[in-house]
Amino acid sequence: MTHDDLAILIREDVRATEPHHGLDPMVPVRLGRRRLRSRHVRLAGAAAAVVAAAVIAPLAIVGGGGPPDPAPTAPTAAPWLARVRAALEPSTGALSAVSVRREGTQVEAGLGGDPTGWHFYTVTADSADKLDDPAAYCQERLSLGYISCTVDHDAAGRTTVVQELLVVNVGARPTAGFGHTWDLSFARIPVDNLGSVNPADRFFRREAIAVTAFGTLKVSEQLQAPTPAAAAAAYVVPPAALIAVASDPELAEAH
Amino acid sequence: MRREQREREFTEFYAGSAAALRRTAYVVVRDWHVAEDLTQQAFAKLYVAWPRIREETRMAYARRVVVNECLSHLRRRRPEASIDDLPERAVPSHDEPPDLGAALAALPDRQRAIVALRFLDDLPVAEVGRLLGVSDGTVKSQTSRALKTLRGRLPHLHLEEIR
């Protein structure tokens with residue numbers, strides 16, 4: 001036998017033992033879809049972490065008077081997350097990318113339904129944040145260049161701050177480990193400086209912060225838009241719905 | 001790329017290539033069930049990377065992923081008896097069919113992958129080198145060693161270095 005006979009021998013062995021059944025293309029398709037969904041979850045998680053880092057620090061400075069309250073107990077996140085989704089999804093539709101992050105006194109859910117990852121929502125419960133003087137808080141926010149900041153009191157006596165701000169992405173870069181995903185870091189820009197930011201790089205964030213018996217509950221929606229007017233037209237969750245979610249007593253207690 | 005387009009293209013490519021790649025995987029791992037599982041895992045990775053893969057390189061990309069899956073699987077499965085630990089076999093008579101499986105099993109994993117790519121898939125040395133990330137010289141020397149081992153296990157095969 002010759003060198004080529006080895007090829008023939010291998011092929012005959014393969015042919016003689018090969019299973020008759022074909023391969024199902026839906027197996028890798030389903031596996032692949034699942035991997036893509038996992039990637040989106042990681043994206044939303046990164047976004048949620050950065051949003052929290054950008055916004056919670058100012059809140060702590062303005063709202064925090066005394067020493068922080070003890071960290072919340074560590075219940076399972078699943079029931080809280082289910083409540084978060086139930087509260088948001090009537091406005092947003094199905095949210096496929098979900099992550100939960102606990103850090104110190106905060107529990108935060110990041111959710112997204114947008115395949116680009118640039119339009120997402122966060123819900124943050126912070127037991128150390130008091131927001132003692134909402135009016136002073138808003139005054140401070142406006143002096144920092146927020147687009148708007150208003151205080152809402154509902155009939156039940158609950159107080160909610162609704163604010164909007166301009167942010168820019170300062171950390172977008174492709175990461176080799178995850179393929180086409182992004183390191184999301186945002187910095188607040190005073191709205192007076194809007195003209196200095198490339199329209200394609202502008203992001204707007206609208207959020208409601210409610211004072212609860214356990215601290216504060218903040219619900220935010222962030223998206224990419226060239227102007228505040230375009231953002232206002234693109235927000236999916238109306239301010240009233242943001243307030244309703246932030247003021248949801250079950251959501252405040254569940255975390 | 002829209003999901004419908006991705007899945008249509010992917011399914012068409014799968015229909016034309018999955019069986020051949022499962023055969024390659026089988027020669028490397030010597031188990032059809034494992035070969036099928038590794039092939040499906042490799043195609044799942046291919047599905048995720050699909051928009052980034054140029055049409056003309058899809059087959060090479062898929063073959064590389066499948067072979068890497070096989071080699072990773074074999075590494076994870078260690079420790080295993082080395083070639084030196086394999087029991088001595090009696091030299092088969094000419095009436096006895098050649099035990100190709102045992103002969104291939106005696107090869108180190110990478111040499112078996114090279115045998116699969118060169119003798120089953122009929123790929124040239126340079127292409128095998130690109131797929132495995134090794135030089136042409138390494139492919140040739142590993143092929144030579146593999147043939148030497150196979151000659152010892154399959155003495156009725158007069159394997160010669162002709163390419």
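Residues numbered from 1 in each chain as written. Chains lettered and ligands numbered in written order. Predicted model: local features only at pLDDT ≥ 70, side-chain atom pairs only at ≥ 80, totals over all residues. Heavy atoms only, no water.

1. Overview of the overall build of chain A
Right, on to step 1. Helix and strand content of chain A: seven helices and ten strands.
Right, on to step 2. Residue burial in chain A is summarised as follows: out of 255 residues, 46% are buried.
Right, on to step 3. The contacts in chain A between residues at least 6 apart in sequence include a share of 62% that link residues at least 24 apart.
Right, on to step 4. Working note: accessible area of chain A is about 11,500 Å², and carbon and sulfur atoms make up 58% of it. (Helix = DSSP H or I, 4+ residues; strand = E, 2+ residues; numbered from the N terminus. Buried < 20%, exposed > 50% of the residue type's maximum accessible area, 1.4 Å probe, protein only. Contact = heavy atoms within 4.5 Å. Areas by Shrake-Rupley, 256 points an atom, 1.4 Å probe, with all protein chains shown as cover.)

2. Structural notes on the interface of chain A and chain B
Right, on to step 1. At the interface, 27 residues of chain A touch 39 residues of chain B.
Right, on to step 2. Both sides together, the interface formed by chain A and chain B hides about 3,300 Å², and carbon and sulfur atoms give 67% of it.
Right, on to step 3. Counting across the interface, chain A meets chain B through four salt bridges.
Right, on to step 4. A:Glu18 serves as the salt-bridge partner of B:Arg22, at 3.8 Å between the closest nitrogen and oxygen.
Right, on to step 5. At the junction of chain A with chain B, the criterion picks out ten residue pairs in polar contact (both at pLDDT 80 or more).
Right, on to step 6. Ranked by residues supplied to the side of chain A that touches chain B, first place goes to helix H1 (residues 3-17) of chain A with ten residues.
Right, on to step 7. Residue composition of the side of chain A that touches chain B, grouped by class: 14 nonpolar, five polar and eight charged. (Buried area = accessible area lost by both parts, 1.4 Å probe. Salt bridge = Lys/Arg side-chain N within 4 Å of Asp/Glu carboxyl O. Polar contact = N/O pair within 3.5 Å; in protein donor to acceptor, adjacent residues only side chain to side chain. Nonpolar A, V, L, I, M, F, W, Y, C, P; charged D, E, K, R; others polar.)

3. Topic: the pattern of salt bridges
Pairing between side chains of opposite charge can happen when their charged atoms approach one another.
Right, on to step 1. Per the stated rule, a full pass over the model turns up 13 salt bridges over all chains.
Right, on to step 2. Notably, a salt bridge pairs A:Glu18 with B:Arg23, separated by 3.0 Å at the nearest N-O pair. Of the two residues, A:Glu18 sits in the loop between H1 and helix H2 (26-63) while B:Arg23 sits in helix H1 (residues 3-29), which places them in two different chains.
Right, on to step 3. Judged by relative accessible area, which is 16%, A:Glu18 ranks as buried.
Right, on to step 4. A:Arg33 is the salt-bridge partner of B:Glu7, the closest N and O atoms lying 2.8 Å from each other. Of this pair, B:Glu7 sits in helix H1 while A:Arg33 sits in helix H2, which puts the two residues in different chains.
Right, on to step 5. With a relative accessible area of 14%, B:Glu7 lands in the buried category.
Right, on to step 6. Several salt bridges share partner residues, and in doing so they unite A:Glu18, B:Arg22, B:Arg23 and B:Glu36 into one network.

4. A few points about the nonpolar core
The tendency in soluble globular proteins is for nonpolar side chains to be buried side by side.
Right, on to step 1. Counting residues in hydrophobic clusters, the biggest one holds 57 residues, and the most contacted among them are A:Ile10, B:Phe10, B:Val27, B:Val28, B:Phe43 and B:Leu46.
Right, on to step 2. Here this core gets ten residues from one element, more than from any other, and that element is H1(B).
Right, on to step 3. In this structure, B:Phe43 is in contact with A:Pro28, B:Phe10, B:Phe13, B:Tyr14, B:Ser17, B:Ala18 and B:Leu21, ignoring residues within four places of it in sequence.
Right, on to step 4. Formed by 24 residues, the second largest nonpolar core is a distinct cluster that contains A:Leu81, A:Ala109, A:Val162 and A:Leu217. (Core = buried A, V, L, I, M, F, W, Y, C linked by side-chain atoms within 4.5 Å.)

5. Quick look at the packing of helix H3 (residues 58-76) of chain B against helix H5 (residues 109-120) of chain B
Angle between the axes and distance between the axes are the two parameters that describe a pair of packed helices.
All names here are of chain B.
Right, on to step 1. Contact geometry of H3 with H5 gives a least axis separation of 10 Å together with a crossing angle of 150°. With respect to their mutual orientation, H3 and H5 come out roughly antiparallel. The crossing of H3 and H5 is right-handed. On H5, the residues that touch Arg63, Val67, Leu71 and Leu74 of H3 are Asp109, Arg110, Arg112, Ala113 and Leu117.
Right, on to step 2. For the contact of H3 with H5, the class distribution of residues is five nonpolar, no polar and four charged. (Axes fitted to C-alpha atoms, helices over the stretch in contact; angles between N-to-C directions. Parallel < 35°, antiparallel > 145°, perpendicular 65-115°, else oblique. Left-handed = near helix turned anticlockwise from the far one by under 90°.)

6. Here we look at the state of the cysteines
All names here are of chain A.
Right, on to step 1. Scanning the entire structure with this criterion turns up one disulfide over all chains.
Right, on to step 2. In this model, Cys138 is linked to Cys149 through a disulfide, with the two sulfur atoms separated by 2.1 Å. Its torsion about the S-S bond being -70°, the disulfide of Cys138 and Cys149 is classed as left-handed. Here Cys138, found in helix H4 (residues 134-143), pairs with Cys149, found in strand E4 (residues 148-153); they are eleven residues apart in sequence, far enough to count as distant. Across the pair, exposure class does not vary: Cys138 and Cys149 are buried alike. (Disulfide = S-S within 2.5 Å.)

7. With respect to the pairing of strand E3 (residues 120-126) of chain A
All names here are of chain A.
Right, on to step 1. Burial analysis of E3 places seven of its seven residues in the buried class, the great majority of the element.
Right, on to step 2. Burial of the side chains of E3 extends over both faces: Phe120, Thr122, Thr124 and Asp126 are buried on one face and Tyr121, Val123 and Ala125 on the other.
Right, on to step 3. The sheet contact formed by strand E2 (residues 106-112) and E3 spans seven bridges and is antiparallel. Counterpart to Gly112 in the pairing with E3 is Phe120.
Right, on to step 4. Of the pairings in the sheet, the one linking E3 to strand E10 (residues 215-224) comprises seven bridges and is antiparallel in character. For Thr122, the partnering residue across the bridge sits in E10 and is Ser220. (Pairing = 2+ DSSP bridges.)

8. Observations regarding the environment of B:Arg112
Residues and elements named next belong to chain B.
Right, on to step 1. With respect to the helices and strands, the residue Arg112 is situated in helix H5.
Right, on to step 2. The buried category is assigned to Arg112, whose relative accessible area is 5%.
Right, on to step 3. Separated by 34 residues in the primary sequence, Arg112 and Ala146 place their C-alpha atoms 7.5 Å from one another.
Right, on to step 4. In contact with Arg112, other than residues within four places in its own chain, are Val27, Val28, Arg30, Leu74, Leu104, Ala105 and Leu107.
Right, on to step 5. A polar side-chain atom of Arg112 sits 3.0 Å from a polar atom in the side chain of Asp109.

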